Amino acid sequence: MEIKLENSWKKQLKDEFGKTYFKELVEFVKNEYATYKVFPPGKQIFSAFDHCSFSDTKVVIIGQDPYHGDGQANGLCFSVAEGIRKPPSLQNIFKEIRSDLGKPIPESGNLERWASQGVLMLNATLTVRASTPGSHQNKGWEAFTDAVIKSLNEQKQHLVFLLWGAYAQKKGTIIDRAKHLVLESAHPSPFAAYKGFFENKHFSTCNAYLAQQSKDEIIW
């Protein structure tokens, strides 16, 4: 797996590539793609970074695994490829945006349009074996994405972190709340959305904070 990472991210994360865990991760991922069906497509493993540079990042959404069904994952958490039916969690995200901001639910579930505005949609684990959720956990990806969050936390000011569900909240414990806005709620999955994701008003709260910092609001 050749590491073709957007230049500003490559500069921030260069120290990770030489570490033992990352070298072992590369070998694991290479073998998985050679042996099994793995998502997302190899060229899209680092799409979250390609579509949202380090310098442009102003909002961070943390997910867990890529989608593990055919044609779904495109390298951005919660996002699906163009023309793919929206999974339940993404449907619930759009329902909350409709409730919070009065915006209609879009036909497309491809969230590259958010990424181009400075929203980094970061899964904790960047690859997964088809139909096997969690299959690439604890192989090194979490250490890499922890380094991403650490770099953002330390090198930038006034970011908005959207942490939905216990997993994302645990991963976000290193974030300095004095420097950044951290919004937490239940996960948008059908099992949890009614336990605090709906009516969390994260999208309007995020935009109000960005406006306070003289940053462009996100067109959700």
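Residues numbered from 1 in each chain as written. Predicted model: local features only at pLDDT ≥ 70, side-chain atom pairs only at ≥ 80, totals over all residues. Heavy atoms only, no water.

K.L.:
Can you explain the pairing of strand S5 (residues 160-164)? Please cite residues and give values.
P.N.:
Within S5, five of the five residues are buried, leaving the element largely enclosed by the surrounding structure. Going residue by residue along S5, you find Val-160, Leu-162 and Trp-164 tucked away on one face and Phe-161 and Leu-163 tucked away on the opposite face as well. Where strand S2 (residues 59-63) meets S5, four bridges bridge the pair, whose relative direction is parallel. In the sheet register, Val-60 faces S5, and the bridge partner there is Phe-161. By the bridge criterion, five bridges tie S5 to strand S6 (residues 181-185) in an arrangement that is parallel. Across the sheet, the residue bridging to Leu-162 is Leu-183, located in S6. In this fold, the crossover linking S5 to S6 by way of helix H7 (residues 166-171) has right-handed handedness. (Buried < 20%, exposed > 50% of the residue type's maximum accessible area, 1.4 Å probe, protein only. Helix = DSSP H or I, 4+ residues; strand = E, 2+ residues; numbered from the N terminus. Pairing = 2+ DSSP bridges. Right-handed = clockwise from strand over helix to strand, strands pointing away.)

K.L.:
Summarise the side chain of Glu-96; cite the residues concerned and give the values.
P.N.:
Note on placement: Glu-96 falls in helix H4 (residues 88-101). Buried charged residue Glu-96 carries no salt bridge. Nearest counter-charge: Lys-201, at 5.4 Å. When residues no more than four places from it in sequence are discounted, the contact partners of Glu-96 are Phe-197, Phe-198, Glu-199, Asn-200, Lys-201 and Phe-203. (Lys, Arg positive; Asp, Glu negative; His and termini not counted. Salt bridge = Lys/Arg side-chain N within 4 Å of Asp/Glu carboxyl O. Contact = heavy atoms within 4.5 Å.)

K.L.:
Lay out the layout of surface pockets with the relevant residues and their values.
P.N.:
A volume near 480 Å³ is recorded for the largest pocket. Lining the largest pocket are 30 residues, with Gln-64, Asp-65, Tyr-67, Phe-78 and His-187 positioned closest to its centre. Counting only elements with at least two residues in the lining of the largest pocket, the list comes to S2, H4 and H7. The leading source of residues in the lining of the largest pocket is H7, at three residues. (1 Å grid on protein atoms, 1.4 Å probe; cavity = no way out; pocket = protein on both sides within 12 Å on 5 of 7 lines; lining within 4 Å. Points joined across faces, edges and corners; volume = space filled by probe spheres on them.)

K.L.:
An account of the pattern of salt bridges is needed here, citing residue identities and associated values.
P.N.:
For the structure shown, the criterion picks out eight salt bridges. With a closest N to O distance of 3.5 Å, Glu-199 and Lys-201 form a salt bridge. Under the relative-accessibility criterion, Lys-201 is labelled partly exposed at 32%.

K.L.:
Could you give an account of the packing of aromatic side chains, with specific residues and numbers?
P.N.:
Throughout the structure, instances matching the rule amount to 20 aromatic pairs. Between Phe-17 and Phe-22, the ring centres sit 5.2 Å apart and the planes meet at 55°, which makes this aromatic pair tilted. The exposure classification of Phe-17 matches that of Phe-22, with both residues buried. Measuring from ring centre to ring centre gives 4.8 Å for Trp-114 and Trp-220, while their planes differ by 90°; the resulting arrangement is edge-to-face. Taken together, the residues Trp-114 in helix H5 (residues 112-115) and Trp-220 in the segment after helix H8 (202-212) connect sequence positions 106 residues apart. With respect to burial, Trp-114 and Trp-220 carry one shared label: buried. Here the guanidinium or amino end of Arg-129 rests over the ring plane of Tyr-36, the centre of that ring lying 3.7 Å away. The ring of Phe-54 has Lys-156 sitting right over it, with the charged end atom 5.3 Å from the ring centre. (Phe/Tyr/Trp six-rings, centres within 6.5 Å; stacked < 30°, edge-to-face > 60°. Lys NZ or Arg CZ within 6 Å of the ring centre and 35° of its normal.)

K.L.:
Give me the lowdown on empty space enclosed by the protein, citing residues and values where you can.
P.N.:
Gaps left between atoms show up when a probe the size of a water molecule is rolled over them. Overall, the coordinates contain one cavity of 30 Å³ or more when judged by the stated rule. If you add up the space inside the largest cavity, you get close to 40 Å³. Residues of the lining of the largest cavity, tallied by class, amount to six nonpolar, three polar and no charged. (Nonpolar A, V, L, I, M, F, W, Y, C, P; charged D, E, K, R; others polar.)

K.L.:
Explain H8 to me, using residue names and the numbers behind them.
P.N.:
Restricting attention to buried positions, one finds in H8 the residues His-202, Phe-203, Cys-206, Asn-207, Tyr-209 and Leu-210. Take H8 and look down its axis: the buried residues cluster within an arc of 160°, on one side only. Taken from the residues just after H8, Ser-214 is the one with a positive phi, measuring 60°. (Arc of directions from axis to C-beta.)

K.L.:
Quick rundown of unusual backbone geometry? Include the residues and the values.
P.N.:
Cis geometry is adopted by the peptide bond preceding Pro-40, which originates at Phe-39 and carries an omega value of -5°. With respect to the secondary-structure elements, Pro-40 resides in the loop between strand S1 (38-39) and helix H3 (47-50). Backbone geometry at Phe-78 places phi at a positive 70°, although glycine is not the residue there. Take Phe-78: it is sitting in the loop between S2 and H4.

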